[in-house]
Amino acid sequence: MAIERTLSIIKPDATKRNLTGKIIAKFEEAGLRVIAQKRIHLTKAQAGTFYVVHKERPFYDELCEFMASEPVVVQVLEGEGAISKNREVMGATNPADAAEGTVRAEFAESVGENSVHGSDAPETAAEEISYFFSGLELVG
Ligand code: ADP
């Protein structure tokens with residue numbers, strides 16, 4: 001499988017509860033390497049642009065409020081099949097459906113406050129990485 005890069009976000013519910021290190025450990029144990037990382041506090045407008053694909057969904061406003069409520073840690077993860085591997089480590093969107101041992105099964109509080117974001121395809125990964133990082137910041 002090809003080496004890929006994916007955009008990961010450790011969301012406000014997790015940074016607030018000081019779970020950043022435990023979540024990164026799960027990524028690293030799965031063979032993903034953190035090649036860029038920063039802690040930022042998004043504005044609601046910045047969160048809205050990032051999640052614009054969900055603009056028409058009923059939870060959009062709540063999602064943007066949540067993403068701007070506390071700092072987040074944005075990262076680029078690299079590895080073999082990184083996009084799907086990261087999604088596996090994250091678990092299902094709703095923690096009630098997430099497989100045992102996944103980040104969301106262990107740490108997520110609800111379907112909205114679910115601890116992590118991960119890109120879902122190569123095109124969105126490229127777009128999402130460039131939303132947060134310049135090429136110079138990716139140190140593979
Ligand atoms: P994923 O993050 O697993 O790719 P989606 O792209 O479907 O999931 O949704 C993006 C984010 O929107 C979710 O991670 C979650 O924070 C929020 N979300 C999704 N569905 C709901 C819902 N039914 N109610 C509240 N928030 C939701």
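Residues numbered from 1 in each chain as written. Predicted model: local features only at pLDDT ≥ 70, side-chain atom pairs only at ≥ 80, totals over all residues. Heavy atoms only, no water.

Caption draft 1: Seen up close, the pattern of salt bridges. Scanning all chains against the criterion turns up seven salt bridges. R5 is the salt-bridge partner of E78, the closest N and O atoms lying 2.8 Å from each other. With E78 in strand β3 (residues 72–80) and R5 in strand β1 (residues 3–10), the pair connects residues that are 73 residues apart, well separated along the chain. You can call E78 buried: its relative accessible area is 16%. Taking relative accessible area as the criterion, R5 reaches 34% and is therefore assigned partly exposed. Salt-bridge contacts for E106 lead to K26; the nearest nitrogen and oxygen are separated by 3.0 Å. You can see E106 sitting in helix α6 (residues 103–107) and its partner K26 sitting in helix α2 (residues 20–29), a full 80 residues away along the chain. Here E106 falls in the partly exposed class, since its relative accessible area comes to 45%. In this structure K26 comes out as buried when scored by relative accessible area, which is 16%. Sharing partners across several salt bridges, the network here consists of D13, R17 and E109. (Salt bridge = Lys/Arg side-chain N within 4 Å of Asp/Glu carboxyl O. Helix = DSSP H or I, 4+ residues; strand = E, 2+ residues; numbered from the N terminus. Buried < 20%, exposed > 50% of the residue type's maximum accessible area, 1.4 Å probe, protein only.)

Caption draft 2: Looking closely at the site of the ligand. By nearness alone, every residue bordering the ligand is listed as K11, Y51, H54, F59, L63, R87, T93, R104, V111, G112 and N114. R87 is positioned with one of its side-chain polar atoms (N or O) 2.9 Å from an oxygen atom of the ligand. In the environment of the ligand, an oxygen atom lies 2.9 Å from a nitrogen or oxygen atom belonging to the side chain of N114. Burial of the ligand by the protein amounts to 78% of the accessible area it has alone, namely 540 Å². Judged by its atoms lying within 2 Å of the grid points, the ligand is housed in the largest pocket. Looking at the shell around the ligand, its residues break down into four nonpolar, four polar and three charged. (Near = heavy atom within 4 Å. Polar contact = N/O pair within 3.5 Å; in protein donor to acceptor, adjacent residues only side chain to side chain. Areas by Shrake-Rupley, 256 points an atom, 1.4 Å probe, with all protein chains shown as cover. 1 Å grid on protein atoms, 1.4 Å probe; cavity = no way out; pocket = protein on both sides within 12 Å on 5 of 7 lines; lining within 4 Å. Sits in = over half its atoms within 2 Å of the grid points. Nonpolar A, V, L, I, M, F, W, Y, C, P; charged D, E, K, R; others polar.)

Remember, this is a structural readout, not a statement about activity or role.
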